[in-house]
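This is what each chain is made of:
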Amino acid sequence: MGRTYLVEESIGQYLTELSTKVKPYVTGLLIGQCSPQRDYVIRAVRTPPKEQQQQESVGPPKLASLDEEWITTHASQVSRMLPGGLLVLGVFMIAAPELAKDGQNALRKLIFSVEKSLSKRRLWKPTEEEVSDRAALQICSATKKVVCRTYDVQDPKSSAKPADWKYQSALTASWVALGCTVNVNIHIPLLATSPNHDLEKNTKNGLNRWSKQIEDSVFLINGQVKDEDTELLEGQKKFRGNAQPSTQFSDVKVLTQLCQAASARSTATVQVCSGSINLRGAVKCRAYIHGNKPKVKEAIQALKRDIINTLSDRCEILFEDLILNEGPQKKIDVCPVADSPSDTQQAQLTKATLLLKLQQNMGLVVAAAVAVLASIFSFNYFSD
């Protein structure tokens, strides 16, 4: 038996409108949440058209012009804006009847390309019990027939499996929100082992070490430590009828370890460094969990990943900004301190400027992380 997708009713209206406006085909992303029992789709986001696509001359419809890189880039940008608990669940395509035969092959290729692009940026690894199926939704623009299939993105040879696509109103009405604020103070040394020091690589290594600390942290939900296998809402008062709030909120405190356990052995390593990067600020994060008897471990996992993703994405955006300002031919690096006074001053200025930009961009983390669920998907990515 295949997976079941519960879909927000408004998505059906959105897809129907697209099918009447776009020819010969249109693609997009499905946003939602996985759970052991079923998956939830709460938003569909159309792939923004390129300018040259809008100016193409009228000809026979074909999928050969499908821009895989453009679609995966859009998926990466959308993924950055999602709060904890939400992810790109799959892709959809609305196409003319004559494209139906090639549509499923194109969707399969897109699903694996999108997953490969998104997994490269992650500082965490999926768990063994985690759902790895992703949806491929195909809709005929003429008959409005809906065909939903899934592919296991952990298996490159995965074949299509049938899935149920069911619309439901007020899908997120009983969802739970969790929020926390984490103070960040990360010191990343720049090793003097080569003439140039790759800032992006060093920063990612530093963030990897920090992400392990977040993974090992203790999470207090409303001031309590709860067993991971218990229900998140266990012991809370249940509301009936219209008295139930639209979203229940839980405040979370994150306690990180200050030092290693007494039984753990450690060794000191001396490394020659030419400089360092300091990431400081407060990361305010939020995660959303379905209301169908969610487990504590699901909620904590969603919040952990939002903390890690928020800081990682912010640093990635910073480096992209530096690349654009420096020019595509220049590598981001910090030159080693030279002997001459002028070179020394220039190197110090470069590092000071970088630190300033890092601190300035860290301030934007708060605004990006606390965007409410309803408005998160109102943004679309358009590239030059």
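Relevant structure appears above.
Residues numbered from 1 in each chain as written. Predicted model: local features only at pLDDT ≥ 70, side-chain atom pairs only at ≥ 80, totals over all residues. Heavy atoms only, no water.

Q: Looking at this structure, I do not really get the pattern of salt bridges. What am I missing?
A: Side chains that differ in charge, positive against negative, can pair when their charged atoms come close. The full count for this structure, using the stated rule, is 12 salt bridges. Put simply, K50 and D67 hold a salt bridge, and the shortest N to O gap is 2.7 Å. Pair noted here: K50 is in the loop between β3 (39–46) and α2 (51–54) and D67 is in the loop between α2 and α3 (68–81), with a separation of 17 residues, a long-range link. The exposure class of D67 is partly exposed, given its relative accessible area of 23%. (Salt bridge = Lys/Arg side-chain N within 4 Å of Asp/Glu carboxyl O. Helix = DSSP H or I, 4+ residues; strand = E, 2+ residues; numbered from the N terminus. Buried < 20%, exposed > 50% of the residue type's maximum accessible area, 1.4 Å probe, protein only.)

Q: I keep staring at the sheet that holds strand β1 (residues 4–8) and nothing clicks. Help me out?
A: The strands making up a sheet associate through hydrogen bonds between their backbones, and the pairing can be parallel or antiparallel. Across the sheet, eight strands lie side by side as β7-β6-β5-β4-β2-β3-β1-β8; this open sheet has mixed pairing. Strands with a single pairing partner mark the edges of an open sheet, and in this sheet they are β7 (161–162) and β8 (164–168). Sheet topology note: the strand β5 (residues 133–140)/strand β6 (residues 146–152) ladder contains seven bridges and is antiparallel. Bridging across to β6, R134 finds its partner in Y151. Contacting β1, β3, β4 (87–95), β5 and β8, helix α1 (residues 9–21) runs over the sheet at an angle of about 30° to β3. (Pairing = 2+ DSSP bridges. Contact = heavy atoms within 4.5 Å. Axes fitted to C-alpha atoms, helices over the stretch in contact; angles between N-to-C directions.)

Q: I would appreciate a short explanation of empty space enclosed by the protein in the present structure.
A: Empty space among the atoms becomes apparent when a probe as large as a water molecule is rolled across them. According to the stated counting rule, one finds two cavities of 30 Å³ or more in the structure shown. Within this model, the largest cavity holds a volume of roughly 60 Å³. Contributions of two or more residues to the lining of the largest cavity are made by β4 and α4 (100–121). Its residues placed into classes, the lining of the largest cavity shows six nonpolar, one polar and two charged. (1 Å grid on protein atoms, 1.4 Å probe; cavity = no way out; pocket = protein on both sides within 12 Å on 5 of 7 lines; lining within 4 Å. Points joined across faces, edges and corners; volume = space filled by probe spheres on them. Nonpolar A, V, L, I, M, F, W, Y, C, P; charged D, E, K, R; others polar.)

Q: Would you mind going over a nonpolar patch on the surface with me for this structure?
A: A surface patch of nonpolar side chains, amounting to about 260 Å² of accessible area, comprises V218, V225 and L255. Following the sequence through the fold, V225 ends up in the loop between β10 (218–221) and β11 (248–255). (Patch = residues over 30% accessible without salt bridge, like charges linked within 9 Å, V, L, I, M, F, W, Y side chains within 5 Å. Areas by Shrake-Rupley, 256 points an atom, 1.4 Å probe, with all protein chains shown as cover.)

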